[in-house]
Amino acid sequence: IGVCSEYTLVPTPAPTLVPTPATTPAPTSEPTPAATPAPTPSSTPEPTPAPTPVSTLAPKPAPAPTMVTGKVAMSVSDPATFVEDPEMQAAAKASIAEMAGVQESFIDVTLEVVSRRLGGSPRRLSNGTVQVSYTITIPADAEDGAEAIASRAETAISSADAEAVTSVFQHKIADSGRDYTVEVTEVSQPAVVSQPVVVEPAASDMSGGVAERGPVSLLVAGLGLAGAASMARG
């Protein structure tokens, strides 16, 4: 049996392609700016105080020594050679030390020819007079006291006669191995001398005031004012 049917073929519609929406990128976040630190206020330095002026004082002088001075005159053979001989200078120091009863280290001597006499030969000098000048310097801190030692030395030398002093010198010269002949003719009276004490000046006034500068500065200032007044009148 034939069945005839008419069919109308309807084309299948093509699928409509829906465009895929483009992906919108997320906005990039801007970096958060770092916080700017507030400036730290600088501390104001405290002013440095000016140094306190120190009064300038002269150093205190050392205690003054006490000295005994004097002279011994003697007739000596070949005096020019005698005074230049180091052994005779040492013998003179030793002789004075024995006479005064003090240490040789305290003593300084000077030997000097004060007169000469010609001998029989015109080329040969005979005896002449030699003067021994001595200074005994006793330190202020000497164990027995400078003034006490000086007083004892003065008394000892004053009480020695020329003959006794000659004997002392002759022994010291013999100990040196020399053959000079000596005879003491005079021993002067020794003198005790105390060194003057230096007076300390007053502390210097940093302000420069005239009233604190002492009498010398006052005198100078007074002379300056007098000179200025004289010039003004002229």
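Residues numbered from 1 in each chain as written. Predicted model: local features only at pLDDT ≥ 70, side-chain atom pairs only at ≥ 80, totals over all residues. Heavy atoms only, no water.

A.B. asks: What is the right way to read the packing of helix H2 (residues 86–100) against helix H4 (residues 162–176) from this model?
C.D. replies: When two helices pack together, their arrangement is captured by the angle between the axes and the distance separating the axes. Viewed as axis vectors pointing N to C, H2 and H4 meet at an angle of 140°, and their least axial separation amounts to 9 Å. By the angle between their directions, the pair H2 and H4 is classed as oblique. Between H2 and H4 lies a crossing of right-handed hand. Note on element contacts: H4 touches H2 through Val165, Val168, Phe169, Lys172, Ile173 and Ser176, opposite Glu87, Met88, Ala91, Ala92, Ala94, Ser95, Ile96, Glu98 and Met99. Tallied by class, the residues present in the contact of H2 with H4 amount to ten nonpolar, two polar and three charged. (Axes fitted to C-alpha atoms, helices over the stretch in contact; angles between N-to-C directions. Helix = DSSP H or I, 4+ residues; strand = E, 2+ residues; numbered from the N terminus. Parallel < 35°, antiparallel > 145°, perpendicular 65-115°, else oblique. Left-handed = near helix turned anticlockwise from the far one by under 90°. Contact = heavy atoms within 4.5 Å. Nonpolar A, V, L, I, M, F, W, Y, C, P; charged D, E, K, R; others polar.)

A.B. asks: Where do I start with the environment of Tyr134 in this structure?
C.D. replies: Its place among the elements puts Tyr134 in strand S3 (residues 125–138). Note on Tyr134: relative accessible area 2%, which makes it buried. For the pair formed by Tyr134 and Lys93, sequence separation is 41 residues and the distance between their alpha carbons is 8.1 Å. In contact with Tyr134, other than residues within four places in its own chain, are Val68, Thr69, Gly70, Lys71, Val72, Ile96, Asp108, Val109, Ile157 and Pro190. (Buried < 20%, exposed > 50% of the residue type's maximum accessible area, 1.4 Å probe, protein only.)

A.B. asks: Got a minute to help me understand the confidence of the model for the chain in this structure?
C.D. replies: Any segment with low pLDDT has predicted coordinates that should not be analysed in fine detail. Looking at the chain, the pLDDT average stands at 77 and 57% of residues meet or exceed 70. The model gives residues 120–124 a pLDDT under 50, and that stretch makes two contacts with residues more than four places away or in other chains. Across residues 202–223, where pLDDT falls below 50, the model places 13 contacts with residues more than four positions away in sequence or in other chains. (pLDDT = per-residue confidence, 0-100.)

A.B. asks: Please explain the pattern of salt bridges as it appears in this structure.
C.D. replies: Charged atoms that come close allow side chains of opposite charge to pair. Enumeration according to the criterion identifies three salt bridges in this entry. The salt bridge involving Lys172 is made with Glu98; its shortest N-O contact spans 3.1 Å. Taken together, the positions of Lys172 in helix H4 and Glu98 in helix H2 put the pair 74 residues apart, joining distant regions of the chain. Judged by its relative accessible area of 23%, Lys172 falls in the partly exposed class. Residues Arg152 and Asp144 are paired through a salt bridge, measuring 3.6 Å at the closest nitrogen-oxygen approach. With a relative accessible area of 51%, Asp144 lands in the exposed category. (Salt bridge = Lys/Arg side-chain N within 4 Å of Asp/Glu carboxyl O.)

A.B. asks: Looking at this structure, how should I read the nonpolar core?
C.D. replies: Nonpolar side chains in soluble globular proteins tend to end up buried together. Counting residues in each nonpolar core, the largest one holds 36 residues, and the members touching the most others are Val72, Met74, Phe82, Leu111, Ile136 and Phe169. At seven residues, the largest contribution of residues to this core is made by H2. Those residues in contact with Phe82 that lie beyond four places of it in its chain are Met74, Val76, Ser77, Met88, Leu111, Val130, Ile173, Tyr180 and Val182. (Core = buried A, V, L, I, M, F, W, Y, C linked by side-chain atoms within 4.5 Å.)

A.B. asks: Sorry if this is basic, but what is going on with H4 here?
C.D. replies: Helix length check: H4 (15 residues) gives 21 Å between terminal C-alpha atoms against 21 Å at 1.5 Å per residue, within 8%. Elements in contact with the buried residues of H4: strand S1 (66–76), helix H1 (79–84), H2 and strand S4 (182–187). (Expected span 1.5 Å × (residues − 1).)

A.B. asks: Help me understand the pairing of S1 in this model?
C.D. replies: Look at any regular strand and the pattern is simple: side chains alternate between the two faces of the sheet. Counting buried positions over the eleven residues of S1 gives nine, a clear majority of the element. Pairing between S1 and strand S5 (residues 191–194): four bridges, direction antiparallel. Bridge pairing links Val68 to Val192 in S5. Relative to S4, S1 is paired through five bridges, and the arrangement is antiparallel. In the strand pairing of S4, Ser75 is matched with Glu183. (Pairing = 2+ DSSP bridges.)

A.B. asks: Please explain H2 as it appears in this structure.
C.D. replies: Structural remark: α-helix, 3.6 residues per turn; residues separated by three or four positions point the same way. Its 15 residues place the ends of H2 21 Å apart at the C-alpha level, agreeing with the 21 Å of an ideal helix rising 1.5 Å per residue. In this structure Asp85 caps H2, since a side-chain oxygen of it lies 2.9 Å from the backbone nitrogen of Glu87. Positioned one or two residues after H2, Gly101 has a phi angle of 75°, which is positive. (Polar contact = N/O pair within 3.5 Å; in protein donor to acceptor, adjacent residues only side chain to side chain.)

A.B. asks: Help me understand unusual backbone geometry in this model?
C.D. replies: For residues that are not glycine, phi is negative in most cases, and the peptide bond is trans in most cases. Despite not being glycine, Asp78 has its phi angle at roughly 50°, a positive value. Taking the relative accessible area as the measure of exposure, Asp78 reaches 33% and is therefore partly exposed.

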